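Secondary and tertiary structure notes
Letter by letter, the chains look like this.
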Amino acid sequence: MGFFDNLFPGRGEPFDAGGSASGSIDLTRRRPSVSLTQQGAATGNLRVNLSWRMRTSDIEGRPRGSSSLLRHPLRLFKPEEVQAHTQGMVNVDLDLGCLYELADGSKGVVQPLGGFFGDINEPPYVKLSGDDRFGAPSGETIFVNLDHRDEIKRLLFFVYIYDQTPAFDRTHAKATLYPSNGPRIEIELDEHAPQARSCAIFSLENTKGELVVRREVRFVYGFQAELDRLYGWGLQWGRGYKSKT
């Protein structure tokens with residue numbers, strides 16, 4: 001809350017909004033949900049993107065030359081960041097997935113592991129664009145066909161760390177939702193659990209015809225089976241591996 005909000009309490013925003021130029025809604029613990037229906041964004045394709053970055057100090061240590069610090073003393077307190085696609089620095093493979101339950105009771109998962117890429121025009125109306133193993137700037141993206149919203153009961157979007165990858169406390173990930181209409185919705189995975197291997201990011205539920213996005217950001221120490229147990233999906237899971245590239 002800013003200084004002027006204290007002077008004029010009626011001016012408070014219903015959500016933690018980004019800057020005026022960004023046109024985004026930030027879902028936080030204080031403001032965890034938003035209705036796509038009320039935003040007029042419950043039709044068309046919903047695009048969900050996962051991106052991440054890492055601090056250089058986590059990878060190779062931050063340069064602290066005395067002359068540089070004398071010229072710019074505030075740099076001592078500012079973490080330096082690099083984009084994830086600097087593949088030479090670190091080997092990272094974050095995977096975006098989605099558990100789905102349709103109105104007819106059918107359930108399943110869309111994820112890179114196992115090649116479950118889904119379908120945008122047929123059930124489950126959820127489609128993963130591909131498996132980014134190298135931290136490309138575009139990240140990983142899942143599309144949801146909201147023109148079939150009446151056939152969707154609930155979705156749970158999650159991210160998991162594939163083998164030989166740094167922990168979440170070093171990988172600063174963010175999910176961004178791009179509805180067909182209205183502002184984008186951003187969710188930071190900022191409640192780090194150093195040993196966690198998976199995280200439920202957000203849910204999308206159809207409750208009496210209203211589509212509601214709810215921030216979860218729930219870290220777990222297992223993988224999909226543990227998320228399944230916590231959210232009551234009831235699927236059968238087995239250990240999977242990716243082919244080497």
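None of the values given here were measured: they were computed from a predicted structure.

Looking now at the pairing of strand 15 (residues 210-220). When strand 3 (residues 33-35) meets strand 15, the two strands line up antiparallel, connected through 3 bridges. If you follow Val34 over to strand 15, its bridge partner there is Val213. Bridge count between strand 14 (residues 198-207) and strand 15: 9 bridges; the pairing is antiparallel. For Thr207, the partnering residue across the bridge sits in strand 15 and is Glu210.

Aromatic ring pairs: the centre-centre distance and the angle between the two ring planes describe each pair. Under the criterion given, the structure shown has 2 aromatic pairs. Taking the centre distance of 4.5 Å and the plane angle of 10° together, the rings of Phe157 and Phe202 count as stacked. Remark: Phe202 occurs in strand 14 and Phe157 occurs in strand 11 (residues 152-161); sequence separation between them is 45 residues. Take Phe157: its relative accessible area is 0%, and that puts it in the buried class.

Counting residues in hydrophobic clusters, the biggest one holds 44 residues, and the most contacted among them are Leu36, Val144, Leu155 and Phe168. Counting residues in each nonpolar core, the second largest holds 12 residues, with Leu156, Tyr162, Ala200 and Trp233 among its members.

This model, assessed by the stated rule, comprises 6 salt bridges. Close ionic contact of Lys174 with Glu186 constitutes a salt bridge, the shortest N to O distance being 3.9 Å. Here the residue Lys174 occupies a position in strand 12 (residues 172-178), and Glu186 occupies one in strand 13 (residues 184-188), the gap between them amounting to 12 residues. On the accessibility criterion, Lys174 (21% relative accessible area) is partly exposed. Overall, Glu186 belongs to the buried group, its relative accessible area being 12%. Note that Asp190 is salt-bridged to Arg215, the shortest N-O span being 3.5 Å. Of the two residues, Asp190 sits in the loop between strand 13 and strand 14 while Arg215 sits in strand 15, which places them 25 residues apart along the sequence. Overall, Asp190 belongs to the partly exposed group, its relative accessible area being 47%. Shared partners join several salt bridges into a network, and the residues in it are Glu101, Lys153 and Arg154.

So, on to the environment of Ser129. When you line up the elements, Ser129 lands in the loop between strand 9 (126-128) and strand 10 (140-145). Residues Ser129 and Ile142 lie 13 residues apart in sequence; the distance between their C-alpha atoms is 6.0 Å.

Each regular strand carries side chains that alternate between the two faces of the sheet. Most of strand 12 is tucked away, with 5 of its 7 residues classed as buried. Where strand 12 and strand 13 come together, 4 bridges link them in antiparallel fashion. The residue bridging Lys174 from the neighbouring strand is Glu188, located in strand 13.

Turning to the sheet that holds strand 11, a few remarks are in order. An order of 3-15-14-11-6-7 is seen for the 6 strands of this open sheet, with the pairing classed as antiparallel. Each end of this open sheet is capped by a strand with a single partner; those strands are strand 3 and strand 7 (107-110). Strand-to-strand twist of the sheet, defined as the mean angle between neighbouring strand axes without regard to direction, takes the value 20°. Across the sheet, helix 4 (residues 224-231) lies against strand 6 (94-102), strand 11, strand 14 and strand 15, angled at about 125° from strand 15, the strand it touches most.

Rules and cut-offs
- Within each chain, residues carry numbers counting from 1 in the order of the written sequence.
- With pLDDT at 70 or above as the cut-off, local features in this predicted model cover only qualifying residues; side-chain atom pairs require 80 or more to be listed or tallied, and sums for whole chains, interfaces and linings still use all residues.
- The side-chain values count all of the structure's non-hydrogen atoms but skip hydrogen atoms and water molecules.
- Being paired, for any two strands, means DSSP has found at least two bridges between them.
- The secondary structure listing takes helices from DSSP runs of H or I that are at least 4 residues long and strands from runs of E that are at least 2 residues long, numbered from the N terminus.
- We call Phe, Tyr and Trp rings a pair once their centres come within 6.5 Å, taking the six-membered ring for Trp, and we label the pair stacked below 30 degrees between planes, edge-to-face above 60, and tilted otherwise.
- Throughout, exposure labels follow a simple rule: accessible area from a 1.4 Å probe, protein chains only, divided by the maximum for the residue type, with under 20% read as buried, over 50% as exposed, and the rest as partly exposed.
- Take the buried residues of types Ala, Val, Leu, Ile, Met, Phe, Trp, Tyr and Cys, join any two whose side-chain atoms come within 4.5 Å, and each joined set is a nonpolar core.
- Any carboxyl oxygen of Asp or Glu within 4 Å of a side-chain nitrogen of Lys or Arg constitutes a salt bridge here.
- The axes are straight lines fitted to the C-alpha atoms, using for helices just the contacting stretch, and the angles between their N-to-C directions are given from 0 to 180°.
- Note on contacts: a residue pair qualifies if any of its non-hydrogen atoms lie within 4.5 Å across the two residues.

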